Amino acid sequence: MAAPTTLSRWMAFRQRERLTCDLVDSEALTSMSKGEVEDYNDLRRRVISQDRVFYTPDLESLELMLADLLADQMESSSVASHMLSVSGRSGMGKSTAVQALGRFYDRRWRKQEGRNDDESFIPVVYVGVEPATTPKSLMESLAAFFNLPQYDLSVTRRMTQSQIKRAVVETMERAGTRLVILDEVHNIRSNRQAGMDAATTMKMFTDEIDATFVIAGIDLDRAELFQGDMGLQLDGRRRAHDMRGYSRPNMNDDEDPWLTFLDAWEEDLPLLKQAPSSLRQHASYIWDRTSGSVGSVRALLAGAARAAILSGEESISRPTLEGVGIDAHAEAERRTRAKSESSTKASAATGRKKAG
Ligand SMILES: Nc1ncnc2c1ncn2[C@@H]1O[C@H](COP(=O)(O)OP(=O)(O)OP(=O)(O)O)[C@@H](O)[C@H]1O
Ligand SMILES: [Mg+2]
């Protein structure tokens, strides 16, 4: 499904229900016709592929930080800290986390206000910033989110940046917008030729809108948005969270977050012979493969589950996991770690020899 970057897509995302399927026992599968098995397996593949949101330690921290900021925004007049920034490398789950938080508050505020189906109430706005976005095109994307005919691209192109900003600010005020999520903000570039500094635009915009901003992107400390004098001022106003993924598991602790994360994944995979908590025996191996990155875990476990359906094995074994290739970054990180571990071992061995 495409990112929910227009109002209608956001509405669909907010309301979307999860796809589920019943698990039949393996004998029942053998008594199905070929066509029935194909349909059943197709459904299971779709269940495996769908997006899910598990409650990770990163998501837990973000939820608390955002709850604080929203409370501050409602109760205090200072603009000083109404921005939450979510940084981290690709695949760490930034978009998933900020979208999940946006959906949570959207549903909650609608319920609180009794405006569940009121289309004029738009408490949450989500924009995915496209590559090489300038301050003006950022404003255009915000206008486009609302999908209003008067802010059609052909119109906004002829407007000045501050006219569009005015229009966006007014629309947000009217729509009761309280949370603005800007994703992929590493894509924002200053347009110096046009005298447009990304940080200046953003600062003016956040000063004018009485909403909390959540921005997400890759390595935000180096983002153009936070450079220059204005950038530094903006930088000083944000509360930052760096997505780190999971740390190496402590296998002696049954409640280790990594182990419970794998349990959650396992429970969600529609495999007919996967015994509960049996992924735990591969916990160290899976961590080594993925370095604790949520996106890499998804690729590995979804790939393994699909392979287990195809082979008829119906459970995830070590060879199945070994047969699944994942993102280049995770694989490279694993090789580097293996190299440094083997050189540490070698120097420890030389040290022992010398000492002996
Ligand atoms: N909390 C989570 N629970 C389950 N799956 C998750 C979670 N967070 C992320 N994922 C999965 O991991 C993958 C990467 O997540 P996401 O796209 O959110 O990462 P990202 O940090 O935004 O990456 P990029 O910088 O490339 O945009 C997705 O397939 C997503 O479904
Ligand atoms: Mg993303």
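Throughout, residues of each chain are indexed from 1 in the direction in which the sequence is written. Each chain gets a letter, beginning with A, and each ligand a number, beginning with 1, in the order they are written. Two thresholds apply to this predicted model, a pLDDT of at least 70 for residue-level local features and 80 or more for giving and counting side-chain atom pairs, whereas whole-chain, interface and lining totals are computed over all residues.

**Student:** How should I be thinking about the overall build of the protein in this particular structure?
**Tutor:** Each helix and strand counted, the protein has 15 helices and 5 strands in total. In terms of overall dimensions, the protein has a C-alpha envelope of 70 × 65 × 40 Å along the principal axes. With C-beta atoms placed from the backbone, a residue is labelled by how many other C-beta atoms lie within 10 Å of its own: buried for 20 or more, exposed for 12 or fewer, partly exposed between the two. Classification of the 356 residues of the protein by burial places 35% in the buried group. Helix and strand definitions follow DSSP, with helices as H or I runs of at least four residues and strands as E runs of at least two, each counted in order from the N terminus.

**Student:** I tried to follow the packing of helix α6 (residues 135–146) against helix α8 (residues 161–175) on my own but got confused; where do I start?
**Tutor:** The axes of two packed helices give the description: the angle between them and the distance between them. Every axis in this analysis is a line fitted to C-alpha atoms, fitted for helices over the stretch in contact. Angles between the N-to-C directions lie between 0 and 180 degrees. Packing of α6 against α8 brings their axes to within 9 Å, and their N-to-C directions diverge by 35°. In this structure, α6 meets α8 at a crossing whose hand is left-handed. Seen from α6, the contacting residues are Pro135, Lys136, Met139, Glu140, Leu142, Ala143 and Phe146; seen from α8, they are Gln161, Ile164, Lys165, Ala167, Val168 and Thr171. Here the nonpolar group is Ala, Val, Leu, Ile, Met, Phe, Trp, Tyr, Cys and Pro; Asp, Glu, Lys and Arg are the charged ones; every other residue, Gly included, is treated as polar. Of the residues that constitute the contact of α6 with α8, the class distribution is 8 nonpolar, 2 polar and 3 charged. Handedness of a crossing follows from how the near helix is turned relative to the far one, being left-handed for an anticlockwise turn of less than a right angle and right-handed for a clockwise one. Think of it this way: build a C-beta for each residue from its backbone, and any pair within 7 Å is a contact.

**Student:** Explain the domain arrangement of the protein here, please?
**Tutor:** Accessible area lost on assembly of the parts is the figure often given for the size of an interface. Just so you know, the domain bounds were taken from an automatic or database domain assignment. Its domain assignment divides the protein into domain 1 (20–52 + 265–344) and domain 2 (57–242). A C-alpha centroid distance of 36 Å is found between domain 1 and domain 2. Each residue belonging to the side of domain 1 that touches domain 2 can be placed in one class, and the counts come to 1 nonpolar, 3 polar and 2 charged.

**Student:** Looking at this model, I keep getting lost on the site of ligand 1. Mind explaining?
**Tutor:** Each residue gets a C-beta atom placed from its backbone. If that atom is within 6 Å of a molecule or strand, the residue is near it. Taken together, 18 residues surround ligand 1, and among them Ser90, Gly93, Ser95, Thr96 and Gly295 come closest. Of all the elements in the fold, those that place two or more residues in the shell around ligand 1 are α5 (94–113) and α13 (294–311). In terms of residue class, the shell around ligand 1 is built from 6 nonpolar, 8 polar and 4 charged. Residue-level mapping places the shell around ligand 1 at the junction of two domains, with at least three residues from each of domain 1 (20–52 + 265–344) and domain 2 (57–242).

**Student:** Just to check I follow, could you spell out the nonpolar core for this structure?
**Tutor:** The nonpolar side chains of a soluble globular protein tend to be buried, and buried together. One finds Ile181, Val214 and Leu225 to be the most contacted residues of the largest nonpolar core, which totals 69 residues. For this core, the leading source of residues is α13, giving 7 residues. Split by domain, this core shows at least three residues from each of two domains, domain 1 (20–52 + 265–344) and domain 2 (57–242). Setting aside its immediate chain neighbours within four residues, Val214 contacts Leu66, Leu84, Val86, Val98, Leu179 and Ile181. Linking buried Ala, Val, Leu, Ile, Met, Phe, Trp, Tyr and Cys residues through C-beta atoms within 7 Å yields a set, and such a set is a nonpolar core.

**Student:** How should I be thinking about unusual backbone geometry in this particular structure?
**Tutor:** Excluding glycine, a negative phi dihedral is what most residues carry, and trans is how most peptide bonds are arranged. For Ala132, which is not glycine, the phi dihedral falls at a positive 55°. Taking the C-beta count within 10 Å as the criterion, Ala132 has 10 such neighbours and is therefore assigned exposed. At Glu314, a residue that is not glycine, the phi angle is positive and equals roughly 65°. Counting through the fold element by element, Glu314 comes out in the loop between α13 and α14 (318–322). A count of 16 C-beta atoms within 10 Å places Glu314 in the partly exposed class.

**Student:** Help me out: how do you make sense of the packing of helix α9 (residues 198–208) against helix α10 (residues 228–236) in this one?
**Tutor:** Remark: α9 packs on α10, axes separated minimally by 7 Å, with the N-to-C direction vectors making an angle of 45°. It follows that α9 is oblique to α10 by the angle criterion. As for how α9 packs across α10, the hand of that crossing is left-handed. Residue-level contacts link Ala199, Thr200, Met202 and Lys203 of α9 to Gly228, Met230, Gly231, Gln233 and Leu234 of α10. Taken together, the residues of the contact of α9 with α10 break down into 4 nonpolar, 4 polar and 1 charged. An angle counts as roughly parallel when it lies under 35 degrees, as roughly antiparallel when it exceeds 145, as roughly perpendicular when it falls between 65 and 115, and as oblique in every other case.

**Student:** Explanation requested: the sheet that holds strand β2 (residues 124–128) in the structure shown.
**Tutor:** Pairing between the strands of a sheet comes from backbone hydrogen bonds, and it takes one of two forms, parallel or antiparallel. Two strands are said to pair when DSSP picks up at least two bridges between them. Taken together, 5 strands build an open sheet; the order of strands is β2-β3-β4-β1-β5 and the sheet is parallel. Only two strands of the sheet have a single partner each, and these edge strands are β2 and β5 (238–242). Across this sheet, the average inter-strand angle for adjacent strands is 15°, counted without regard to direction. Pairing of strand β1 (residues 83–87) with strand β4 (residues 212–217) involves 5 bridges; the strand directions are parallel. By the bridge assignment, Met83 is partnered in β4 with Phe213.

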